[in-house]
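The chain contents come next:
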Amino acid sequence: MDRVRKGRAGLRQRFGAAIAVGAAAALAVTALAAPAQSADSTAADAKAADVNVAKNAGFESDLSNWTCTANSGAAVTSPVHSGAKALKATPAGQSNAECSQIVTVKPNSTYKLSSWVQGSYAYLGARGTGTTDVSTWTPGNTSWQQLNTSFTTGANTTSVTVYTHGWYGQSAYYVDDVSVLGPDGGGGTDPVEIPAVPGGLKAGTTTSTSVDLSWNPVSTATGYTVYRDGTKVASPGGASTTVTGLTPETTYTFQVSATNAAGESAKSTSVSVRTPKGGGGDGGTVPKHALTGYWQNFDNGATVQKLRDVSSQYDIIAVSFADATTTQGQITFNLDPAVGYASTADFKADIAAKKAAGKSVILSVGGEKGTISVNSDASATAFANSAYALMQEYGFNGVDIDLENGLNPTYMTKALRQLSAKAGPNMVLTMAPQTIDMQSTSGGYFQTALNVKDILTVVNMQYYNSGSMLGCDGKVYSQGSVDFLTALACIQLEGGLDPSQVGIGVPASTRGAGSGYVAPSVVNNALDCLTRGTGCGSFKPSKTYPSLRGAMTWSTNWDATAGNAWSNAVGPKVHSLP
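All values derive from a computational prediction rather than experimental measurement.

**Digging into the sheet that holds strand β16 (residues 240-243)**
On the basis of which strands lie adjacent, the open sheet formed by 3 strands has the order β12-β13-β16 and antiparallel pairing. Each having just a single partner strand, β12 (202-206) and β16 make up the two edges of the open sheet. Sheet twist, expressed as the mean angle between neighbouring strand axes with direction ignored, is 25 degrees. Pairing analysis gives 3 bridges linking β12 to strand β13 (residues 211-214), with the strands arranged antiparallel.

**A closer look at the pattern of salt bridges**
Under the definition given, this model contains 11 salt bridges. Ionic pairing is found between Lys85 and Asp62, a salt bridge with its closest N-O pair at 2.8 Å. Here Lys85, found in the loop between β3 (73-76) and β4 (86-89), pairs with Asp62, found in the loop between β1 (51-52) and β2 (67-68); they are 23 residues apart in sequence, far enough to count as distant. A relative accessible area of 38% means that Asp62 is categorised as partly exposed. The salt bridge partner of Arg532 is Asp528, with a shortest N-O separation of 2.7 Å. Here Asp528 and Arg532 lie together in helix α8 (residues 520-532), a separation of 4 residues that amounts to about one turn. On the accessibility criterion, Arg532 (37% relative accessible area) is partly exposed. Within this structure, Arg308, Asp346 and Asp350 form a network of salt bridges that share partners.

**Comments concerning the sheet that holds strand β8 (residues 134-138)**
One open sheet holds the 5 strands; their spatial order is β2-β5-β10-β7-β8, and the pairing between them is antiparallel. Edge strands, defined here as strands with exactly one partner in the open sheet, are β2 and β8. Summarising the sheet, strand β5 (residues 99-104) and strand β10 (residues 159-165) pair through 6 bridges and their orientation is antiparallel. When the bridges of β10 are listed, Gln101 appears paired with Val162.

**Looking at the packing of aromatic side chains**
Evaluation of the coordinates by the stated rule reveals 20 aromatic pairs. Pairing Phe298 with Trp554 gives two aromatic rings, centres 6.4 Å apart and planes at 25 degrees, and the pair type is stacked. Here Phe298, found in the loop between β20 (290-296) and β21 (316-324), pairs with Trp554, found in strand β30 (residues 550-554); they are 256 residues apart in sequence, far enough to count as distant. Among the residues examined, Trp554 registers a relative accessible area of 0% and is labelled buried. Linked through ring pairs, Trp295, Phe333, Tyr341, Phe347, Tyr394 and Phe396 together constitute an aromatic cluster. Positioned over the ring face of Tyr227 is Lys267, at 4.5 Å from the centre of the ring. The ring centre of Tyr394 lies 5.2 Å from the NZ or CZ of Lys348, which sits over that ring.

**Examining empty space enclosed by the protein**
For the largest cavity, the calculated volume is near 30 Å³. Residue lining of the largest cavity: Trp66, Leu113, Leu124, Val162, Tyr163, Thr164 and Val178, and that is the complete set. Top contributing element to the lining of the largest cavity by residue count: β10, with 3 residues. Counted by class, the lining of the largest cavity contains 6 nonpolar, 1 polar and no charged residues.

**Points about the packing of helix α4 (residues 377-394) against helix α5 (residues 409-423)**
Where α4 meets α5, the axes come as close as 8 Å, and the angle between the chain directions of the two elements is 35 degrees. Relative to α5, the crossing made by α4 is right-handed. Across the interface between the two elements, Asp377, Ala380, Thr381, Phe383, Ala384, Asn385, Ala387, Tyr388 and Met391 from α4 touch Tyr411, Lys414, Ala415, Leu416, Gln418, Leu419, Lys422 and Ala423 from α5. Taken together, the residues that form the contact of α4 with α5 break down as 11 nonpolar, 3 polar and 3 charged.

**Thoughts on the confidence of the model for the protein**
Taken over all residues, the pLDDT of the protein has a mean of 88, while the share at 70 or more is 88%. Low pLDDT (under 50) marks residues 4-47, which in the prediction has 55 contacts with non-local residues, meaning those over four places away or in another chain.

**Some points on unusual backbone geometry**
The amide bond that connects Ser78 to the next residue, Pro79, takes the cis arrangement and shows omega of 0 degrees. Mapped onto the fold, Pro79 is located in the loop between β3 and β4. Positive phi is not limited to glycine here, since Asn108 has a value of about 55 degrees. Within the secondary structure, Asn108 sits in the loop between β5 and β6 (110-119). Asn108 sits in the partly exposed class, given a relative accessible area of 39%. A positive phi angle, close to 50 degrees, is found at Asn465, a residue other than glycine. Of note, Asn465 is situated in the loop between β26 (458-462) and β27 (469-470). The partly exposed category is assigned to Asn465, whose relative accessible area is 39%.

**Describing the side chain of Ser82**
Along the polypeptide, Ser82 turns up in the loop between β3 and β4. Looking at Ser82, its side chain comes within polar contact range of the side chain of Asp177, at 2.8 Å. With sequence-adjacent residues up to four places away left out, Ser82 is seen in contact with Glu60, Asp176, Asp177, Gly263 and Glu264.

Conventions we followed
- Residues numbered from 1 in each chain as written.
- Predicted model: local features only at pLDDT ≥ 70, side-chain atom pairs only at ≥ 80, totals over all residues.
- Heavy atoms only, no water.
- Pairing = 2+ DSSP bridges.
- Helix = DSSP H or I, 4+ residues; strand = E, 2+ residues; numbered from the N terminus.
- Axes fitted to C-alpha atoms, helices over the stretch in contact; angles between N-to-C directions.
- Salt bridge = Lys/Arg side-chain N within 4 Å of Asp/Glu carboxyl O.
- Buried < 20%, exposed > 50% of the residue type's maximum accessible area, 1.4 Å probe, protein only.
- Phe/Tyr/Trp six-rings, centres within 6.5 Å; stacked < 30°, edge-to-face > 60°.
- Lys NZ or Arg CZ within 6 Å of the ring centre and 35° of its normal.
- 1 Å grid on protein atoms, 1.4 Å probe; cavity = no way out; pocket = protein on both sides within 12 Å on 5 of 7 lines; lining within 4 Å.
- Points joined across faces, edges and corners; volume = space filled by probe spheres on them.
- Nonpolar A, V, L, I, M, F, W, Y, C, P; charged D, E, K, R; others polar.
- Left-handed = near helix turned anticlockwise from the far one by under 90°.
- Contact = heavy atoms within 4.5 Å.
- pLDDT = per-residue confidence, 0-100.
- Polar contact = N/O pair within 3.5 Å; in protein donor to acceptor, adjacent residues only side chain to side chain.

Next comes the structure, spelled out in structure tokens:
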């Protein structure tokens, strides 16, 4: 539209017994008492002992700080006890798949050694303690099991080798969350304590396919894990996230845990959420079948209107257009004196009056001469913040995306989701792509529409100022006919949009566009063809779409110039659709 015209067992019993007897003998240890200390010294040391001297204890940094014999170890993402990774080590040949780390310790000190293990035979131990070296083991488990032991360092011991290994000829074992808990020997530490359980989990904006979740931050957490019905679905770094990919009219239970290098907290108290019925955004504020019209904030020879003069047939009025600023992605709105408002307050009053009458007034962004560009995280945020500020200032119900000079689906999606999060579920979101933009779901505009389907009200494609285009049947159709309207609409209807998110956009008069004008009777035939299966031309859709949203025109001003002939003919047809 331009400002001129459209402005996601065991082993065999004998072998197992032999291993068990040998291992039991090898693992016999004698505990040593720590040197006597004064009460004050003991208390001080106990406080100082609250560190884990093992580095990369959860293998989140792969095998950093660890050495595995014969390249037998690797960091894996499943199974894990906590965090995102764990160690998998596989014995082979003469290797028992030992993985070890030298930790810095304090002399004459006691350390608690533990780790979580899973899989086949797994051993955990420490050597070079300066006293009695220790180890413990398990014959294997299909779930995570904790191994625990302790050791005391000698008078001159400043480093100890902690290790884990499997058994010769056996299958792989897994290790996670190793802890060597005791006084800091000067080598630093991973976080000691597993974070507290997050509190305050609550659901925010909920659409048919997504829900916003937030919770109280945990000071020692470096990340969080979100569970949907017991399954991990997100790992945000902060205390909020949006879970997508949900099914309309479905109840879900969510929990969250906090994580750091020491491990993962227990899951929080759950919160239940039921998604609403599908069909896009606007929270039911727009009629099932709606007529959309663009109102010109400029004088180009069409009838100059105030919003109060716009025909009551229009359910959505798109104020055209927002303006770009010097900040990329940011938009503003400048009321043109040519439209006759005495003040901005008068304009705002008209918006309020239309809304009071049950209409939606939105701000259109773009147009044929629009220069707004959203192609980075910063510009996406700038767009969302500025659009929301204008909605707050003027009372707009939402926005229309009419970017006719290119659109980045990644960042426009981010921008619209940020805006939706601010504006809430009643935000009206429309789009007005050109015909070429909606020929394939691989196109940027079509991708964006599908990306925001859960918050999208309607796509009113411009069936004008276009050359011949392909219909959903692969045939070529020329603009200006009922077949052009129905065969091209079919691409959107079969390409993933809900019928309630599809509208037919046409000029209100021959002066409203350079080409592609069709009489209101042709528009009405196309609406009947798509919703009832009657009035079709040579193209007949394989099924009907009774919930089709309606129609759009450029513009209410050109409509008024022609005595509102378009809205008086198409409006009643739209409002009488099934």
